[in-house]
Amino acid sequence: MEQQFKKEGKYSYFEAGEGTPIIVLHGLMGGLSNFSGVANFFPQNGYKVVIPELPLYTQNILKTNVKAFAKFVKDFITFKGFDKVILLGNSLGGHVALYHTKMYPEKVTAMVLTGSSGLYESAMGDTYPKRGDYEYIKQKTQAVFYDPNMATKEVVDDVFNIVNDRIKVIKTLTIAKSAIRHNMAKDLPKMPVPTCLIWGKNDKVTPPEVAEEFHKLLPVSDLFWIDQCGHAAMMERPDEFNQILLTWLTKNKI
């Protein structure tokens with residue numbers, strides 16, 4: 001992915017392929033590399049994949065919230081000159097996709113949500129590992145996945161560095177509170193954007209009942225399950241995730 005990473009003005013992002021843009025939005029503890037499966041697959045199937053770095057830790061504390069991140073995504077889409085896009089979000093990224101779609105529906109052709117926050121108030125705060133020794137952080141990170149081996153040393157190191165950085169901790173807690181404040185339950189029935197929900201059956205962060213609630217509240221949605229899979233389906237089961245999504249996009253002519 002390194003070769004296709006760009007920095008232009010205030011934006012740092014990955015971009016590959018041609019066709020309808022899929023804007024990928026990462027979560028609170030999730031880096032761009034979590035989406036390498038999506039980034040490798042969809043450019044070969046007629047889509048442009050763009051993964052911007054969200055300014056989770058770089059903006060003023062007053063702009064460290066779901067609404068401000070949604071505005072950042074809208075500005076990025078405008079900067080890139082895209083007319084309409086598909087938004088794909090995991091965890092906090094899903095919440096940002098939802099809030100963006102609420103505010104700027106004219107920009108969104110479809111949404112793809114996997115392990116999204118936005119409904120389940122504990123989704124952010126409960127899973128955020130407080131400071132502790134490395135082994136504790138490792139266990140908390142492993143719990144995000146069905147297969148604990150997915151929590152490689154690199155992944156654990158990233159989380160450990162965040163939770164031991166005072167400024168990042170303050171901003172993470174600010175984002176968590178913002179996620180609770182911006183609960184989407186009342187907004188979802190008024191959002192008729194075609195939505196593909198792809199959920200790990202063993203997600204402990206946003207459990208299966210959260211996916212079912214999204215499915216119930218969103219006017220136009222399809223729900224797909226991936227067995228033996230945790231909170232980051234696109235990372236843990238990339239082949240199944242990609243195939244489900246491509247089939248759904250093709251069926252819906254998106």
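Structure first, text after, so check above.
Residues numbered from 1 in each chain as written. Predicted model: local features only at pLDDT ≥ 70, side-chain atom pairs only at ≥ 80, totals over all residues. Heavy atoms only, no water.

Student: Looking at this structure, I do not really get the pairing of strand 7 (residues 195–200). What am I missing?
Tutor: Sheet faces and side chains relate simply in a regular strand, where the side chains alternate between the two faces. For strand 7, a buried count of six out of six residues is recorded, marking the element as mostly surrounded by other parts of the structure. Taking every second residue as pointing to the same face, both faces of strand 7 are buried, with Thr195, Leu197 and Trp199 on one and Cys196, Ile198 and Gly200 on the other. One ladder, built from three bridges, connects strand 6 (residues 108–114) with strand 7; its direction is parallel. Considered in strand 7, the bridge of valine 112 is made with cysteine 196. For the crossover that starts at strand 7, traverses helix 8 (residues 208–217) and ends in the parallel strand 8 (residues 221–226), the hand is right-handed. (Buried < 20%, exposed > 50% of the residue type's maximum accessible area, 1.4 Å probe, protein only. Helix = DSSP H or I, 4+ residues; strand = E, 2+ residues; numbered from the N terminus. Pairing = 2+ DSSP bridges. Right-handed = clockwise from strand over helix to strand, strands pointing away.)

Student: Mind showing me how you'd approach the packing of helix 5 (residues 134–142) against helix 6 (residues 153–163) here?
Tutor: In helix packing, the relevant descriptors are the interaxial angle and the interaxial distance, both defined with respect to the helix axes. Their axes nearest at 9 Å, the elements helix 5 and helix 6 cross at an angle of 115°. Crossing of helix 5 against helix 6: the hand is right-handed. Of the residues in helix 6, those touching helix 5 at Tyr134, Ile137, Lys138 and Thr141 are Lys153, Val155, Val156, Asp157, Val159, Phe160 and Val163. Taken together, the residues of the contact of helix 5 with helix 6 break down into seven nonpolar, one polar and three charged. (Axes fitted to C-alpha atoms, helices over the stretch in contact; angles between N-to-C directions. Left-handed = near helix turned anticlockwise from the far one by under 90°. Contact = heavy atoms within 4.5 Å. Nonpolar A, V, L, I, M, F, W, Y, C, P; charged D, E, K, R; others polar.)

Student: What is the right way to look at the packing of aromatic side chains in this model?
Tutor: Scanning all chains against the criterion turns up eight aromatic pairs. Between tyrosine 13 and phenylalanine 76 the ring centres are 5.2 Å apart and the planes differ by 65°, which places this aromatic pair in the edge-to-face class. Here tyrosine 13 is found in strand 2 (residues 11–16), whereas its partner phenylalanine 76 is found in helix 2 (residues 66–80), with 63 residues between them in sequence. The exposure class of tyrosine 13 is buried, given its relative accessible area of 0%. Between the aromatic rings of phenylalanine 42 and tyrosine 47, the centroid separation amounts to 6.0 Å while the plane-to-plane angle is 80°, which identifies the pairing as edge-to-face. The two residues phenylalanine 42 and tyrosine 47 agree in class, both being buried. (Phe/Tyr/Trp six-rings, centres within 6.5 Å; stacked < 30°, edge-to-face > 60°.)

Student: Can you walk me through the nonpolar core in this structure?
Tutor: Most often, soluble globular proteins have nonpolar side chains that are buried together. In this structure, Ile23, Leu87, Leu188 and Phe214 are the most contacted members of the largest nonpolar core, which totals 43 residues. With seven residues, the top contributor of residues to this core is helix 2. Judged by nonpolar contacts, the second largest core, of 37 residues, contains Phe241, Ile244, Leu245 and Leu249. (Core = buried A, V, L, I, M, F, W, Y, C linked by side-chain atoms within 4.5 Å.)

Student: Help me understand the sheet that holds strand 3 (residues 20–25), please; the structure alone is not making it clear to me.
Tutor: Across a sheet, strands are paired by hydrogen bonds formed along the backbone, either parallel or antiparallel in direction. Taken in spatial order, the eight strands make up an open sheet running 1-2-4-3-5-6-7-8, and their pairing is mixed. Unpaired on one side and paired on the other, strand 1 (5–8) and strand 8 mark the two borders of the sheet. Between one strand axis and the next, the sheet turns through 20° on average, direction left out of account. Of the strand pairs in this sheet, strand 2 and strand 4 (residues 47–52) are connected by four bridges, and their pairing is antiparallel. In the strand pairing of strand 4, alanine 16 is matched with valine 49. Helix 10 (residues 238–251) rests against strand 4, strand 5 (85–90), strand 6, strand 7 and strand 8 of the sheet, and its axis sits at about 160° to strand 8.

Student: Please clarify how the environment of serine 117 should be interpreted in this entry.
Tutor: Positionally, serine 117 belongs in the loop between strand 6 and helix 4 (122–125). Exposure remark for serine 117: the relative accessible area of 2% places this residue in the buried category. Through-space distance from the C-alpha of serine 117 to that of valine 210 is 8.7 Å; in sequence the pair is 93 residues apart. Within the structure, the side chain of serine 117 is placed 3.4 Å from the side chain of histidine 95, a separation counted as a polar contact. (Polar contact = N/O pair within 3.5 Å; in protein donor to acceptor, adjacent residues only side chain to side chain.)

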